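Here is how the chains run, residue by residue.
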Amino acid sequence: MTIYSKTKTSYYRRLYVAYLIDSGVNTAPLLIEKAGMPKRTLQDTLVALSELDILLEKEGGTKNLTYQISDWGAINKKWIENNLQNVKGVLQLT
């Protein structure tokens, strides 16, 4: 089993969450379930998307809040799609 740096796993976690949101997994409960992360980690990850110039929009209230990616910045979404299994492997997801 390969051990990856915190930098790489954090980066890939952000990419994966953005990919999920853009793919329709766009509520906190769905993201927690699909990404397999605690609520606080998800919250931190959502805030950190702006550090990658990924623009995240929120819609709705606290009970029906949804997220949407309005701009990927310099990130190539196609790369994530093409390397999804590797991204999930680094994050130790199946």
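First things first, this report covers the structure right here in the doc. (Residues numbered from 1 in each chain as written. Predicted model: local features only at pLDDT ≥ 70, side-chain atom pairs only at ≥ 80, totals over all residues. Heavy atoms only, no water.)

So, on to the overall build of the protein chain. A count of helices and strands for the protein chain gives 5 helices and 2 strands. Along its sequence from the N terminus, the protein chain presents helices and strands in the succession α-α-α-β-β-α-α. Computed over its C-alpha atoms, the radius of gyration of the protein chain comes to 13 Å, within 12% of the 12 Å expected for a compact globule of 94 residues. Referenced to the eigenvectors of the C-alpha coordinate spread, the extents of the protein chain come out at roughly 40 × 25 × 20 Å. Considering only intrachain contacts with a sequence separation of at least 6, the fraction spanning at least 24 residues in the protein chain is 55%. As displayed, the protein chain has an accessible area near 6,000 Å², and 49% of this comes from carbon and sulfur atoms. Taking the 12 positively charged and 9 negatively charged side chains of the protein chain as two groups, their mean positions are separated by 9 Å. (Helix = DSSP H or I, 4+ residues; strand = E, 2+ residues; numbered from the N terminus. Rg over C-alpha atoms; globule rule 2.2 N^0.38 Å. Contact = heavy atoms within 4.5 Å. Areas by Shrake-Rupley, 256 points an atom, 1.4 Å probe, with all protein chains shown as cover. Lys, Arg positive; Asp, Glu negative; His and termini not counted. Charge placed at Lys NZ, Arg CZ, Asp CG, Glu CD.)

For Asp 53, which is not a glycine, the phi torsion comes out positive at approximately 65°. Structurally, the position occupied by Asp 53 is in the loop between helix H3 (39-48) and strand E1 (55-59). Judged by relative accessible area, which is 51%, Asp 53 ranks as exposed. One non-glycine residue with positive phi stands out, namely Gln 92, at about 60°. Secondary-structure assignment places Gln 92 in the segment after helix H5 (84-90). (Buried < 20%, exposed > 50% of the residue type's maximum accessible area, 1.4 Å probe, protein only.)

Owing to its 3.6 residues per turn, the α-helix brings residues three or four apart onto one side. Given a rise of 1.5 Å per residue, 17 residues ought to cover 24 Å, and the 24 Å separating the end C-alpha atoms of helix H1 (residues 6-22) matches this to within 8%. The set of residues buried in H1 consists of Thr 9, Tyr 12, Arg 14, Leu 15, Tyr 16, Val 17, Ala 18, Tyr 19, Leu 20 and Ile 21. Considering only its buried residues, H1 is in contact with helix H2 (28-35), H3, E1, strand E2 (66-71), helix H4 (77-82) and H5. Gly 24 sits one or two positions beyond H1 and adopts a positive phi of about 100°. (Expected span 1.5 Å × (residues − 1).)

The next point concerns the nonpolar core. One finds Tyr 16, Leu 31 and Ile 54 to be the most contacted residues of the largest nonpolar core, which totals 26 residues. The set of elements that each furnish at least two residues to this core consists of H1, H2, H3, E2 and H5. Counting residues per element, this core draws most heavily on H1, which supplies 8 residues. Dropping the residues within four chain positions of it, Ile 54 is found in contact with Ala 18, Leu 49, Ile 69, Asp 71, Trp 72 and Ile 75. (Core = buried A, V, L, I, M, F, W, Y, C linked by side-chain atoms within 4.5 Å.)

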